[in-house]
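Read off the chains here:
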Amino acid sequence: MDQNPPSSNLKNSGTSQLRFENTSVLEAQSLCFGFPNLKPVFNNVSLKTHKDEFIAIIGPSGIGKSILLRILAQLIPPTSGKVLLNGIPVVHPSAKIGLVHQSIATFPWMTALDNVKLVLLGGKMSDEAATQTAERMLEMVGLKSVEDEYPKEMSGGMRQRVAIARALSASPEVILLDEPFVHLDELTANRLRKEIYDLVFQTETSLKSAVLVSHNLHEVVQLADCVYIMNGSPATIVNEVNIDLPRPRNERQPGFLDYVDRLYEGLNLVPPKG
Ligand SMILES: Nc1ncnc2c1ncn2[C@@H]1O[C@H](COP(=O)(O)OP(=O)(O)OP(=O)(O)O)[C@@H](O)[C@H]1O
Ligand SMILES: [Mg+2]
């Protein structure tokens, strides 16, 4: 596995050390998955997140990334292999692992506020406390002013933000994000990337780590400490790249675009010119 930064002038953010010394938060051990009577989708997928760590999974369309996230959330069982949270096997969906689906999943008959409150009322929270938490989350994703609107009155990007607010309001330890910013304009996407990133690193929130699936390699280099590349048929993890760049990151900093090129190469793609 390739652990070295592409350029010697990069400051080390300490990521590699974190990965080797800390115990894992979420861990996939040798996951295999296939639909009955069909060729396996992926084999032997192992990955780890550590505390205060953002990882990303990239790979061509149809390789099995969304299925992998659903297995990590235990919404579907793997054919074989294990998922562990803080070292303990997870076998049922858990509020500690939140998933923001690739296809926007909001309930059309509920207002934005009720969509977010839904996950809170399932627990022991009072209606008043749930309203307060849901309003805080909607404010964070920039939707406080439309809390009484219904999804059909909203754009795709707004619905996506409702889904993100709902996932975060359950106070998960790990959030799994399946192309979460793809329906958003660049300005909103940038603000939300930063918010989610900050939440992972704030000590007072429950969120310890995040797993991002994205086709946007600039977004991946901006956010991820470690990138797992899936490829092949059946797919496996073909490479693991640690992004040792100081934060906050932007495209103009030395080394940033080298990492983007390296991820393109990892996918066997030619980086676009310009
Ligand atoms: N219910 C199903 N029955 C059979 N095959 C399926 C089913 N659902 C998904 N697949 C196949 O499983 C493979 C992996 O799907 P998945 O949605 O995980 O891909 P992905 O990597 O997330 O793709 P994308 O980047 O386009 O979102 C695909 O080839 C898909 O056609
Ligand atoms: Mg997908």
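Our subject is the structure listed above.
As the structure is a prediction and not an experimental result, all values here were calculated from the model.

1. Some points on unusual backbone geometry
Now for step 1: Note the cis peptide between Ser233 and Pro234, where omega equals -10°.
Now for step 2: Position of Pro234 relative to the elements: it lies in the loop between strand E9 (226-231) and strand E10 (236-242).
Now for step 3: Going from Arg247 to Pro248, the amide bond is cis rather than trans, its omega being -5°.
Now for step 4: Although it is not a glycine, Asn44 sits at a positive phi angle of roughly 55°.
Now for step 5: With respect to the helices and strands, Asn44 occurs in strand E2 (residues 42-50).
Now for step 6: You can call Asn44 partly exposed: it has 15 C-beta atoms within 10 Å.
Now for step 7: Although it is not a glycine, Asn86 adopts a positive phi angle of roughly 50°.

2. Observations concerning helix H6 (residues 186-201)
Now for step 1: Compared with the 22 Å implied by 1.5 Å per residue over 16 residues, the 23 Å span of H6 between its first and last C-alpha is a close match.
Now for step 2: Among the residues of H6, those classed as buried are Leu192, Ile196 and Val200. Axial view of H6: buried residues confined to an arc of 80°, hence all on one face.
Now for step 3: Close packing links the buried residues of H6 with strand E3 (53-58), helix H5 (156-169) and strand E8 (209-213).

3. Describing the pairing of E3
Now for step 1: Counting buried positions over the six residues of E3 gives six, a clear majority of the element.
Now for step 2: In E3, alternate side chains face the same way, and those of Glu53, Ile55 and Ile57 on one face and Phe54, Ala56 and Ile58 on the other are all buried.
Now for step 3: Of the pairings in the sheet, the one linking E3 to E8 comprises five bridges and is parallel in character. Each bridged residue has a counterpart across the sheet, and for Glu53 the counterpart in E8 is Ser209.
Now for step 4: Taken together, the four bridges between E3 and E9 define a ladder with parallel strand orientation.

4. What to know about the packing of helix H3 (residues 112-121) against H5
Now for step 1: At a closest axis distance of 8 Å, the pairing of H3 and H5 adopts a crossing angle of 25°. Comparing their axes, H5 and H3 come out roughly parallel. Here H3 runs over H5; the crossing is right-handed. Of the residues in H5, those touching H3 at Ala112, Asn115, Val116, Leu118, Val119 and Leu120 are Val162, Ala165, Arg166 and Ser169.

Criteria and thresholds
Residues numbered from 1 in each chain as written. Chains lettered and ligands numbered in written order. Predicted model: local features only at pLDDT ≥ 70, side-chain atom pairs only at ≥ 80, totals over all residues. Helix = DSSP H or I, 4+ residues; strand = E, 2+ residues; numbered from the N terminus. Buried ≥ 20, exposed ≤ 12 C-beta atoms within 10 Å, placed from the backbone. Expected span 1.5 Å × (residues − 1). Arc of directions from axis to C-beta. Contact = placed C-beta atoms within 7 Å. Pairing = 2+ DSSP bridges. Axes fitted to C-alpha atoms, helices over the stretch in contact; angles between N-to-C directions. Parallel < 35°, antiparallel > 145°, perpendicular 65-115°, else oblique. Left-handed = near helix turned anticlockwise from the far one by under 90°.

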